[in-house]
Amino acid sequence: MDDISVLICDDSALMRNLISHVVDGTEGLTVVGKAMNGQFLIEKLPLLKPDVIVLDIEMPVMTGVEFLRWRKQNRVDIPVIILSSIAEKGAAVTMECLELGASDFITKPNGSVSADISSVSDRLVELISSYGGAYARRHGKTVRGGDFYSNLASERAVTRKLTAAMGEEKAKEFLADEKNKAAAKSSFTPFSAAPKEPAVIEPLRKPGKIEVIAIGISTGGPNALRDVFKMIDPHLKQPVLVVQHMPAGFTKEFANSLDKICALSVKEAEDGEPIEGGKIYIAPGNYHIYVEQTPLGKKLLRLSQDAQRNGHRPSADVLFESVAKVYQNRALGVIMTGMGKDGAVELAEMRKQGAWTLGQDEATAIVYGMPKVAYELGGVQKQVPLNKMADEISKLARENA
């Protein structure tokens, strides 16, 4: 197996070292270099040839935004993950970075120089392994898949809980003992990332007219949604409800950035507002979004801060569950790139109710996790590449309006 190579660019030596500790401490990832600003980063790129860049925004000499402008002008395709303290208080700047071609972003905890990088370490590893892994595979490397890093994140979560309950030494002893027991019980079989044959779902009714389109998406989503909504039918009659896993404070700016490039109106969803055709509603960060039908048959958007589902709020499962209940066979469900399984179970329920369903294909998904599980559960009628997703959604919506 090849390692995913990472280049870190941050003006703080402490942050460079803390990020390096996270990366080099993760199997399959390795730091190939560090830079203190965008100019040094540019000078190091030809020699180090990283698979992914972790980039700060506020730096002397050349900022992260200025580097991204240079990257775009020079058609450099190495993925960039923004890790910056400005992100939370400067959502507009963060969205500008995405518009300039950054793949995703994470907010630094407690300011620009912080020893608490561990609070975002799992998310950092997820993004590095997802975007860096996709780039590495495109360039001929054999690297570990998303399932490996998803399992690794789960193991780390268990370790943290045990450490908090038992103390570090006892937790280590307990985990080592459990691993030895597991190894003794069964021989190792190499993991296969290939999807299983899908389960067969017999819908309760035939697909009907499409009255709503629901989309669930996660890692890889910001740029994938930009690609879809740039090309969506400007005369689309149905409303589009979107769950994109994104922190609180960013979804309004994200909706605004999509509104600039989409012929349809894009906005952050509000609690209690009527669902109108031809509009795109983005779930707010830290809120579930779902559909409620009034006694008179009017359909409203509702928000809630109920417990996380599948580790997420908003959760695609919550949205899809409500759509299956309210619209039954009069809906189109779409599941796209993302780690884990959020949305998969309830997309299968939508399919059972007779809804139309689409899933992004493995070749174009940054992480073929959510769409893979949905496909295996029988919830996906058709797998579609990203560059054809807008056309497929538009066609189905137009033909079944």
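Here the structure is a predicted model, which means the values were calculated and not measured.

**Points about the nonpolar core**
Then, in step 1: Judged by nonpolar contacts, the single largest core of 60 residues is most densely connected at L55, F67, I213 and F229.
Then, in step 2: For F229, the residues in contact, after removing those within four places along its chain, are I215, V240, V242, L258, I261, C262 and I280.

**Some details on the packing of aromatic side chains**
Then, in step 1: Tallied over the entire structure, the rule returns 3 aromatic pairs.
Then, in step 2: With a centroid separation of 5.0 Å and an interplanar angle of 85°, the aromatic rings of F148 and Y149 are classed as edge-to-face.
Then, in step 3: Its end group placed over the ring of F148, R144 keeps NZ or CZ at 5.6 Å from the ring centre.

**Digging into the pattern of salt bridges**
Then, in step 1: Summed over all chains, the structure comprises 17 salt bridges.
Then, in step 2: Among the ionic pairs, K108 bridges to D56, the shortest N-O distance being 3.6 Å. Residue K108 is found in the loop between β5 (104-107) and α6 (121-138), and its partner D56 is found in the loop between β3 (52-55) and α3 (64-73); the two are separated by 52 residues along the sequence. Comparing K108 with D56 shows no difference in burial state: the two are buried.
Then, in step 3: In this structure, K279 engages E276 in a salt bridge whose closest nitrogen and oxygen atoms are separated by 3.1 Å.

**Some remarks on the sheet that holds strand β2 (residues 29-35)**
Then, in step 1: Taking strand neighbours across the sheet as the criterion, the 5 strands line up as β2-β1-β3-β4-β5 in an open arrangement whose pairing is parallel. The sheet is open, and its two borders are formed by β2 and β5, each paired with just one other strand. Geometrically, the sheet is characterised by an average inter-axis angle of 25° between neighbouring strands, direction not taken into account.

**Some points on the packing of helix α1 (residues 13-24) against α6**
Then, in step 1: Relative to each other, α1 and α6 sit at 65°, their axes nearing to 10 Å. In this view, α1 runs roughly perpendicular relative to α6, as classed from their interaxial angle. Note on packing geometry: the crossing formed by α1 with α6 is right-handed. Facing I19, V22 and V23 of α1, the residues of α6 in contact are S121, L124, V125 and I128.

**Some remarks on the packing of helix α5 (residues 91-99) against helix α10 (residues 251-261)**
Axes are the key here: two packed helices are described by the angle between their axes and the distance separating the axes.
Then, in step 1: Here α5 crosses α10 at 40°, and the two axes come no closer than 9 Å. Classified by the angle between their axes, α5 and α10 sit oblique to one another. Pair α5 / α10 crosses with right-handed handedness. Mapping the contact onto sequence places A91, A92, M95 and E99 in α5 and E253, F254, S257 and K260 in α10.
Then, in step 2: Partitioning the contact of α5 with α10 into residue classes produces 4 nonpolar, 1 polar and 3 charged.

Analysis parameters
Along each chain, numbering runs from 1 in the same order as the chain's sequence is written. Note on the predicted model: pLDDT of at least 70 is required for a residue's local features to be given, and 80 or more for side-chain atom pairs to be given and counted; whole-chain, interface and lining totals, by contrast, use all residues. Calculation of side-chain values draws on the structure's entire complement of heavy atoms; hydrogens and water are dropped beforehand. The nonpolar core is taken to be a set of buried Ala, Val, Leu, Ile, Met, Phe, Trp, Tyr and Cys residues, with the residues joined through side-chain atoms within 4.5 Å. A simple rule labels every residue: compare its accessible area, found with a 1.4 Å probe on the protein chains alone, to the largest value its type can have, and call it buried under 20%, exposed over 50%, or partly exposed in between. Whether two residues touch is decided by their heavy atoms; if any such pair falls within 4.5 Å, the residues are in contact. In this scheme Phe, Tyr and Trp rings, the latter by its six-membered ring, pair at centre separations within 6.5 Å, and the angle between planes marks the pair as stacked below 30 degrees, edge-to-face above 60, and tilted otherwise. A ring is scored as having a charge over it whenever the NZ atom of a lysine or the CZ atom of an arginine sits within 6 Å of its centre and within 35 degrees of its normal. A pairing counts as a salt bridge when a side-chain nitrogen of Lys or Arg comes within 4 Å of a carboxyl oxygen of Asp or Glu. Strands here mean DSSP runs of E at least two residues long; helices mean DSSP runs of H or I at least four residues long; both are numbered from the N terminus. When DSSP finds at least two bridges between two strands, those strands are taken to pair. Lines fitted to C-alpha atoms define the axes, with helix axes restricted to the stretch in contact, and inter-axis angles between N-to-C directions lie between 0 and 180 degrees. These descriptions rest on fixed angle ranges, namely under 35 degrees for roughly parallel, over 145 for roughly antiparallel, 65 to 115 for roughly perpendicular, and the rest for oblique. In a left-handed crossing the near helix is turned counterclockwise from the far helix by less than a right angle, and in a right-handed crossing that turn is clockwise. Residues are grouped as follows: Ala, Val, Leu, Ile, Met, Phe, Trp, Tyr, Cys and Pro are nonpolar; Asp, Glu, Lys and Arg are charged; every other residue, Gly included, is polar.

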